[in-house]
Amino acid sequence: MYRLVTHFGGGSWALTPEEEQQYIEKIRLLLTIGHTMLKKGYTALDTVQKIVELMEDSGYYNCGKGSITNYNGVVEMDAGIMCGKTLRGGAVATVRTIKNPIKLARLVMDKTHHRLLACEGADEFGKKKGLETVSDSYFVRYQPVETSYFGKAPHETVGAIALDKYGDLAVASSTGGIDDKLKGRIGGVPQLGLELYANNKTCAVACTGIGEPFMRLVTAYDISAQMQYGGKSLEEAVKNIFKEKVEGGLIAMDKDGNIVKECNAPEMLYGYIKEDGSPFAEMYKTPLKN
Ligand code: GLY
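Here the structure is a predicted model, which means the values were calculated and not measured. Here, residues in each chain are numbered from 1, in the same order as that chain's written sequence. Restriction of local features to residues with pLDDT of at least 70 applies here, the model being predicted, together with a cutoff of 80 or more for giving and counting side-chain atom pairs; totals for whole chains, interfaces and linings are based on all residues. To obtain the side-chain values, all non-hydrogen atoms of the structure were included, while hydrogens and water were left out.

Asker: How do you make sense of the site of the ligand when you look at a structure like this?
Answerer: Neighbouring the ligand are Thr157, Gly177, Ile178, Arg185, Gly187, Glu195, Gly209, Ile210 and Gly211. Note that a nitrogen atom of the ligand is positioned 2.7 Å from one of the backbone N or O atoms of Gly209. Contact between the ligand and Gly211: an oxygen atom at 2.8 Å from a main-chain N or O atom of the residue. To be clear on the numbers: accessible area is Shrake-Rupley with a 1.4 Å probe, and residue cover counts the displayed protein chains and nothing else. Burial of the ligand by the protein chains amounts to 100% of its free accessible area of 200 Å². Note that Gly is not counted as nonpolar here; it falls among the polar residues with everything else outside the nonpolar set of Ala, Val, Leu, Ile, Met, Phe, Trp, Tyr, Cys and Pro and the charged set of Asp, Glu, Lys and Arg. When its residues are assigned to classes, the shell around the ligand shows two nonpolar, five polar and two charged. Any residue with a heavy atom lying within 4 Å of a molecule or strand is counted as near it. Polar contacts, as counted here, are pairs of nitrogen or oxygen atoms within 3.5 Å of one another; within protein the pair requires one atom able to donate a hydrogen and one able to accept it, and residues that are adjacent in sequence qualify only if both atoms are side-chain atoms.

So this is what it looks like as structure tokens:
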């Protein structure tokens with residue numbers, strides 16, 4: 001059995017119906033690519049990395065080419081990847097020049113004894129390892145248009161989770177951060193356990209939204225710990241987190257391939273491969289509270 005779920009972020013997408021349909025088609029296409037990889041025997045780790053890499057290259061999402069800028073008008077990107085089998089992970093923060101931060105995160109995981117590299121050191125390491133670099137003109141450079149995450153940010157963080165035929169879970173996520181950030185701000189995506197976590201004993205989690213509340217709650221690890229030490233199901237563990245003050249959404253998958261999504265932002269674009277192998281994707285609309 002293999003499973004795949006991905007999100008393109010939770011927030012206020014504010015798309016026209018036509019645009020929404022276009023994004024849904026994009027997510028379906030990526031799911032199909034990922035599904036084919038898993039079917040061919042690629043690992044969950046390689047699959048989630050590839051999906052995130054494609055999203056970084058597209059310019060449509062708040063990661064890689066499409067990253068939002070900080071207050072200084074500069075792109076600073078974060079990314080993380082984690083293997084549920086080994087509990088090894090790699091992450092990078094405030095990357096400025098590496099085209100695919102998710103590839104850099106994977107290199108940190110595979111080629112160093114560190115878990116997180118940041119700033120010039122991260123860029124330098126990527127360059128030294130032969131990763132493609134880009135100049136400022138490469139980025140679409142979406143400017144924040146409002147100072148609230150629930151404003152009109154044009155696009156959001158991305159994440160993917162897979163379970164492969166070897167029974168291993170993996171998660172990857174990449175982001176330009178929030179649309180309201182100081183130079184040097186690091187979110188929860190590259191801090192393993194906060195917005196991203198994978199453990200074959202329990203589940204894999206990828207969050208999207210304002211990182212700070214997710215960070216305060218050590219959200220992704222908390223969900224896993226509730227399952228490992230508290231005997232909760234994935235659904236119960238996720239619901240418990242959303243009783244706290246979080247702002248955004250998440251996707252999660254347990255070791256048996258059960259998928260849970262939760263969101264309290266106005267919208268979240270996400271999708272998964274159904275049992276019959278076909279892709280399902282939707283712009284989930286959070287019911288308005290009275
Ligand atoms: N959720 C992404 C961030 O806060 O940077």
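Asker: I'm lost on the sheet that holds strand β8 (residues 203-209) in this one. Help?
Answerer: Sheet strands pair by backbone hydrogen bonding; their relative direction is either parallel or antiparallel. Strands were regarded as paired on the criterion that DSSP finds at least two bridges between them. In this text, helices come from DSSP runs of H or I with a minimum length of four residues, and strands from runs of E with a minimum of two, each type numbered from the N-terminal end. Spatially, the four strands line up as an open sheet ordered β7-β8-β9-β10, and their pairing is antiparallel. Two strands bound the open sheet, and with one partner strand each, they are β7 (196-198) and β10 (259-263). Direction aside, neighbouring strands of the sheet carry axes that sit 10° apart on average. Bridging between β7 and β8 involves three bridges; their strand directions are antiparallel. Of the residues in β8, the one forming a bridge with Tyr197 is Val205. Residues count as neighbours in contact if any of their non-hydrogen atoms are within 4.5 Å of one another. For helices, the fitted axis covers only the stretch in contact; all axes are lines through C-alpha atoms, and the angles between them, taken along N-to-C directions, range from 0 to 180 degrees. The sheet strands contacting helix α6 (residues 219-230) are β7, β8 and β9 (248-254), and the helix crosses β8 at an angle near 150°. The strands touched by helix α7 (residues 234-242) within the sheet are β8, β9 and β10, with β9 carrying the most contacts at an inclination of about 160°.

Asker: Looking at this structure, I do not really get the pairing of strand β3 (residues 89-95). What am I missing?
Answerer: The two faces of the sheet receive side chains in turn, since in a regular strand these alternate between them. With a 1.4 Å probe rolled over the protein chains alone, any residue whose accessible area is under 20% of its type maximum counts as buried; one over 50% counts as exposed, and the rest are partly exposed. Where burial is concerned, most of β3 is hidden: seven out of the seven residues are buried. Between strand β2 (residues 77-83) and β3, which pair antiparallel in sequence order, lie five residues; one of them, Leu87, sits at a positive phi of approximately 60°. Both β3 and strand β4 (residues 116-118) contribute to a ladder of three bridges, which runs parallel. Paired with Val92 across the two strands is Leu117, which belongs to β4. As a crossover connection, the stretch from β3 through helix α3 (residues 101-111) into β4 is left-handed. Place the viewer so that the strands point away; then a crossover is right-handed whenever the path from the first strand over the helix to the second strand goes clockwise.

Asker: Explain the domain arrangement of the chain here, please?
Answerer: One frequently used descriptor of interface size is the decrease in accessible area upon assembly of the parts. Looking at the assigned domains, one finds that the chain contains domain 1 (38-197) and domain 2 (230-290). Taking only C-alpha atoms into account, the centre of domain 1 sits 21 Å from that of domain 2. Both sides together, the interface formed by domain 1 and domain 2 hides about 670 Å², and carbon and sulfur atoms give 81% of it. Each salt bridge in this description consists of a side-chain nitrogen of Lys or Arg and a carboxyl oxygen of Asp or Glu lying within 4 Å of one another. Counting across the interface, domain 1 meets domain 2 through zero salt bridges. Our count for the contact surface shared by domain 1 and domain 2 stands at zero residue pairs in polar contact (both at pLDDT 80 or more). Among the elements that take part in the side of domain 1 that touches domain 2, strand β5 (residues 158-163) stands out by supplying five residues, more than any other. Each residue belonging to the side of domain 1 that touches domain 2 can be placed in one class, and the counts come to six nonpolar, one polar and no charged. For each domain, the first and last residues come from an automatic or database assignment. Buried area counts how much accessible surface, traced with a 1.4 Å probe, disappears from two parts once they are put together, with both parts' losses summed.

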